[in-house]
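Residues per chain, in single letters:
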Amino acid sequence: MSGGKKKVVLNLLDWTGDLARSFPHECASANCKTFLSRAECATANRKASKQRRARQGGAMAADGLAGLLPAQTQLEYALLDADTAQEKENLVYQYLKKMDGRERDLTVPELGGDLQWLNTEGPISLHKDLCGKVVVLDFFTYCCINCLHLLPDLHELEHQYSDKDGLVIIGVHSAKFPNEKVLDNIKSAVLRYDIGHPVVNDADATLWHELEVSCWPTLVILGPRGNMLFSLVGEGHKEKLFLFTSIALKFYKDRGQIKDNNIGIKLYKDSLPPSPLLFPGKVTVDKSGERLVIADTGHHRILVTLKNGQILHTIGGPNSGRKDGRFSEAAFNSPQGVAIKNNVIYVADTENHLIRKIDLELEIVTTVAGIGIQGVDKEGGAKGEEQPISSPWDVVFGSSVSGTQEDDVLWIAMAGIHQVWALMLEGGKLPKGSDLKKGVCLRFAGSGNEENRNNAYPHKAGFAQPSGLSLASEEPWNCLFVADSESSTVRMISLKDGAVKHLVGGERDPLNLFAFGDVDGAGINAKLQHPLGVTWDKKRKLLYVADSYNHKIKVVDPKMKNCATLAGTGEASNVLGSSFTQSTFNEPGGLCIEENGRLMYVADTNNHQIKVLDLETKILSMLPILNPETRDVTDHPSVQKDQIANLPKLPKSAPNIQLPSLSAAPGQTIQFLLKLTLPPDSKLNEEAPNAWFITAEDNNAWLLQGQYLSGEIKDVSCQTVIPFQLPRVCLSAEAVLAIKACLYYCSKDSSACMMKGISFNQPLQIGSTNQGSLTQVELTHSFITN
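What you see is a predicted model, and the numbers here were worked out from it, not measured in a lab. (Residues numbered from 1 in each chain as written. Predicted model: local features only at pLDDT ≥ 70, side-chain atom pairs only at ≥ 80, totals over all residues. Heavy atoms only, no water.)

Considering the arrangement of structural elements, one finds G568 in the loop between β33 (562-567) and β34 (590-593). In the structure, G568 is positioned 15 residues away from S583 in sequence and 5.3 Å away in space, judged by C-alpha atoms. Filtering out sequence-adjacent residues up to four positions away, G568 remains in contact with H551, K552, F580, T581, S583 and F585. (Helix = DSSP H or I, 4+ residues; strand = E, 2+ residues; numbered from the N terminus. Contact = heavy atoms within 4.5 Å.)

Written as structure tokens, this is what we have:
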């Protein structure tokens, strides 16, 4: 049996076995994830079977996707023996004739009318709206790296064929983690990964179990009657996806069954206001504590700022791309991890599958590892720029065993193949390894199987989408800490001998990737939910964890293996509370701590912010992002006139609240914390342009230089943070700033809707004495019923 044919047989056996078992472990083909625990799957499948038996006259066969298996297996074998593209197309065409001539279609049930939809004008009916379309159903969950690897293929497919051509792609989001069932979190993922097709929230996995899907990702291709034609399990099937789809379109077009009507697409991203940051994934701080490096992931750029948020360098963005060169021409694609030493930054350019190097002195970006396409090599050993890599998610400096200089290794969390790699910045030796030349990029730990497996031999250990790294070089630790997201654990890799050990989270069974939760405790009694970041506090000998899906920052004592909540309530929102545990986050993805141990910076990803936690005063604040060209100019720019003119006008009845005078110094940061209360039995109209904005009279217009003059109010149940920084050059010792808000709300029975406004006037006394780096001003108002 040939190697290629053997691989297809194994993949098909994986699929049929998983249909029967649905274990919570990695498929043998290592390109997909299975769903739910054994007990949960058994219960759900019994329920789905019972529903099918009860459905009178239903068109769907009771065996779900397994009904495709006999015919598609024959097709797979025949395609292996085909030599030309024409032969393959003919085989698929003949297969479709056979499937279309069946006495009874394998038909997908209607997508429930009560399901929540994104990127559409309303719910989509499979058998009405999609009648006459070839439909690709993408069963995915947004935590899954295999699902993310599939998105570029789908993106390319929908660019080649539109709904006018008869093709529609539907994302069916079937969550692994409880956090992923929440519509707002799926919205954020749709934005973060630039998904441009309709997505339905299959929160209870109804359609998943109806079809007996078992792996993420799974693609199901349907004909114009909702009839199942093909299934592709896992990633890496681009050629088949395009072949099957194109021939299906041709086959049904020849029969006059393809319709060219438009589907009502309404992209969620088109309604978002501009934001200084967009889904920042990671943040790091230099040894001086004066400069931050922010992976502004959604804007596809790297920002270097001062600790007050003033931008020093903008590298790349706002659109994705892949290009080396000057800062003004360089391009990234959803960068994540960043590491800085002196004036050199290394970047995990995640969706380009590259490691990039930024030289701040020369203002040049170069590629030091990766070839720009997703790699499948799980060993490595080639020179960096010749070595394919897969979805690097974090980077951190370290030192080799025999090296003569510090920071001669760049450790890489290679999420795409569930390993930790090393890029040799100088010649040296890794634990349990041989001498390596400068520039070599290779595996350090992890077998490549997606597991929670600890082992004294690093290559026999198993990780599950490692997404965060931090180095503790001092004794007795001398290790790498790893945020292993899909096993919901934090692990340790010894830099003496490479041994991989458990720290907190998960459970003992290395195949159980479903041992998640939100529990403070020790060792496996502690529970995390998809942690994405870790940072080591040298001063206190503690490890901080971005427990992303629990929306918390946790602290781990590695000596006692104890894990406790430091900040966050567990609610996904954006509140700057009076204490760490009264403040909230939304899927924080990364964090770092100053060398002196005082300030911690958190990439609060879905809040599009960098939060600052003062570990001594226990005060939490937001880092303002301030444009460099506007900090030291002495005249207000005319370019903002249009922006000011387009700000909304408040109704004449809007109250005008006079605030006490505030003493401030040039360059000082002020955060206005806006908290508005609606009348009883009222609700915010989320479709309306609820917003805050900042204005000033003409003689005070210099205050508005470089500020973010407006922003969206999404939720009145929590504070809205409005950032402001006084210019470093102030034209007057006295000034007045106006902070305004405009809300649209309706009675809960929707019998009446109204627009209301409020204005706060903030007098400023500007002196030369520094009043502190941050001042917070609370703005509160309760609207009353007319």
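Close approach of charged atoms lets side chains of opposite charge pair. A full pass over the atoms with the stated rule returns 29 salt bridges. A salt bridge links R443 to E379; its shortest N-O distance comes to 3.0 Å. Here E379 lies in the loop between β17 (364-369) and β18 (380-383) and R443 lies in strand β24 (residues 440-445), a separation of 64 residues in the sequence. By relative accessible area, which is 9% here, R443 ends up buried. A relative accessible area of 45% places E379 in the partly exposed class. Taking the shortest distance from any N to any O, the salt bridge between R453 and E451 comes out at 2.8 Å. Exposure remark for R453: the relative accessible area of 29% places this residue in the partly exposed category. Looking at E451, the relative accessible area reads 11%, which means it is buried. Three or more residues joined by partner-sharing salt bridges are found here, namely D518, D547, K552 and K554. (Salt bridge = Lys/Arg side-chain N within 4 Å of Asp/Glu carboxyl O. Buried < 20%, exposed > 50% of the residue type's maximum accessible area, 1.4 Å probe, protein only.)

Overall, the coordinates contain 14 aromatic pairs when judged by the stated rule. For the pair F230 and F244, a centre-to-centre distance of 4.1 Å together with 10 degrees between the ring planes defines the contact as stacked. Taken as a pair, F230 in strand β8 (residues 228-233) and F244 in helix α8 (residues 238-254) lie far apart in primary sequence, 14 residues in all. Across the pair, F244 and F230 agree in class, each one buried. Grouping aromatic residues by their ring pairs yields a cluster made of Y142, F177, F516 and Y549. Against the face of Y457 rests K432, its NZ or CZ located 4.2 Å from the ring centre. (Phe/Tyr/Trp six-rings, centres within 6.5 Å; stacked < 30°, edge-to-face > 60°. Lys NZ or Arg CZ within 6 Å of the ring centre and 35° of its normal.)

With that settled, the discussion passes to helix α5 (residues 145-160). Residues that lie three or four places apart on an α-helix share one face, since the helix turns once every 3.6 residues. Spanning 16 residues, α5 covers 24 Å between terminal C-alpha atoms, matching the ideal 22 Å at 1.5 Å per step. The largest bend in α5 comes to about 25 degrees, at L151, with the proline P152 one to four residues further on. What α5 keeps buried is the set I145, N146, C147, L148, H149, L150, L151, D153, L154 and L157. (Expected span 1.5 Å × (residues − 1). Bend = angle between axes of the 7 residues up to and from the residue.)

Take the nonpolar core next. By size, the foremost hydrophobic cluster in this structure holds 81 residues, and its most contacted members are L137 and I170. Here this core gets 9 residues from one element, more than from any other, and that element is α8. If you look at the next biggest cluster of nonpolar residues, it comprises 33 residues, including L674, I713, V777 and F783. (Core = buried A, V, L, I, M, F, W, Y, C linked by side-chain atoms within 4.5 Å.)

Take the sheet that holds strand β37 (residues 620-622) next. As summarised here, the arrangement of the 4 strands in space is β34-β35-β36-β37, forming an open sheet in which the pairing is antiparallel. Bordering the open sheet on either side are β34 and β37, each of which pairs with just one other strand. Along the sheet, successive strands turn relative to each other by an average axial angle of 20 degrees, direction set aside. Of the strand pairs in this sheet, strand β36 (residues 609-614) and β37 are connected by 3 bridges, and their pairing is antiparallel. Looking across to β37, one finds that K611 is bridged to M622. (Pairing = 2+ DSSP bridges. Axes fitted to C-alpha atoms, helices over the stretch in contact; angles between N-to-C directions.)

This part is about the environment of Q374. Within the fold, Q374 resides in the loop between β17 and β18. Spatially, the C-alpha atom of Q374 lies 7.2 Å from that of S391, the residues being 17 residues apart in sequence. Those residues in contact with Q374 that sit more than four places away from it in its chain are H149, E235, H353, I389 and S390. A distance of 3.1 Å separates a polar atom in the side chain of Q374 from a polar atom in the side chain of H149. A polar side-chain atom of Q374 sits 2.8 Å from a polar atom in the side chain of E235. (Polar contact = N/O pair within 3.5 Å; in protein donor to acceptor, adjacent residues only side chain to side chain.)

Right, let's get into a negative patch on the surface. Residues E571, E686, E687 and D715 make up a contiguous surface patch of negative charge. Residue position: E571 is located in the loop between β33 and β34. Residue E571 is classed as partly exposed on the basis of its relative accessible area, which comes to 44%. (Patch = residues over 30% accessible without salt bridge, like charges linked within 9 Å, V, L, I, M, F, W, Y side chains within 5 Å. Areas by Shrake-Rupley, 256 points an atom, 1.4 Å probe, with all protein chains shown as cover. Lys, Arg positive; Asp, Glu negative; His and termini not counted. Charge placed at Lys NZ, Arg CZ, Asp CG, Glu CD.)

A cis amide bond links W216 with the next residue in sequence, P217, at an omega value of -15 degrees. One can find P217 in the loop between β6 (215-216) and β7 (218-222). Note the cis peptide between E475 and P476, where omega equals 5 degrees.

Next up on the list: the layout of surface pockets. Of the voids in this model, the second largest pocket is the one considered here, and its volume is about 950 Å³. V396, F397, L471, K538 and E595 are, among the 39 residues lining the second largest pocket, the residues nearest its centre. Elements that contribute at least two residues to the lining of the second largest pocket include exactly β9 (282-285), β14 (338-341), β19 (392-398), β25 (466-472), β30 (533-537) and β34. When grouped by side-chain class, the residues that make up the lining of the second largest pocket number 16 nonpolar, 11 polar and 12 charged. (1 Å grid on protein atoms, 1.4 Å probe; cavity = no way out; pocket = protein on both sides within 12 Å on 5 of 7 lines; lining within 4 Å. Points joined across faces, edges and corners; volume = space filled by probe spheres on them. Nonpolar A, V, L, I, M, F, W, Y, C, P; charged D, E, K, R; others polar.)

Turning our eyes to something else, we now look at the sheet that holds β8. An order of β2-β5-β4-β3-β7-β8 is seen for the 6 strands of this open sheet, with the pairing classed as mixed. The open sheet is flanked by β2 (116-118) and β8, the only strands paired with a single partner. For this sheet the average axis-to-axis angle between neighbouring strands, irrespective of direction, equals 20 degrees. Of the strand pairs in this sheet, strand β4 (residues 167-173) and strand β5 (residues 199-201) are connected by 3 bridges, and their pairing is parallel. Residue H173 lies in a different strand from β5, and its bridge partner there is N201. Across the face of the sheet, helix α6 (residues 183-192) comes into contact with β2, β4 and β5 while running at roughly 20 degrees to β2.

As a further point, take the packing of helix α3 (residues 69-81) against α8. Contact geometry of α3 with α8 gives a least axis separation of 14 Å together with a crossing angle of 110 degrees. As far as their axial angle goes, α8 and α3 are roughly perpendicular. Pair α3 / α8 crosses with right-handed handedness. Residues Q72, L75, E76 and L79 of α3 form the contact with α8, whose participating residues are K240, L243 and F244. (Parallel < 35°, antiparallel > 145°, perpendicular 65-115°, else oblique. Left-handed = near helix turned anticlockwise from the far one by under 90°.)

Before going further, it helps to examine the side chain of D484. Relative to the helices and strands, D484 resides in strand β26 (residues 479-484). Assessed through its relative accessible area of 0%, D484 is described here as buried. One polar contact links the side chain of D484 to the main-chain amide nitrogen of A464, over a distance of 2.8 Å. The contacts of D484, once residues within four sequence positions are left out, are E451, F463, A464, Q465, P466, T489, R491 and P531.

What follows deals with the packing of α3 against helix α4 (residues 85-100). For the pair α3 and α4, interaxial distance at closest approach is 10 Å and the crossing angle is 165 degrees. Taken together, the axis directions place α3 and α4 in an arrangement best described as roughly antiparallel. For the element pair α3 and α4, the recorded crossing hand is right-handed. Counted together, A71, Q72, Q74, L75, A78 and L79 of α3 and K88, L91, V92, Y95, K98 and M99 of α4 form the full contact between these two elements. Its residues placed into classes, the contact of α3 with α4 shows 8 nonpolar, 2 polar and 2 charged.

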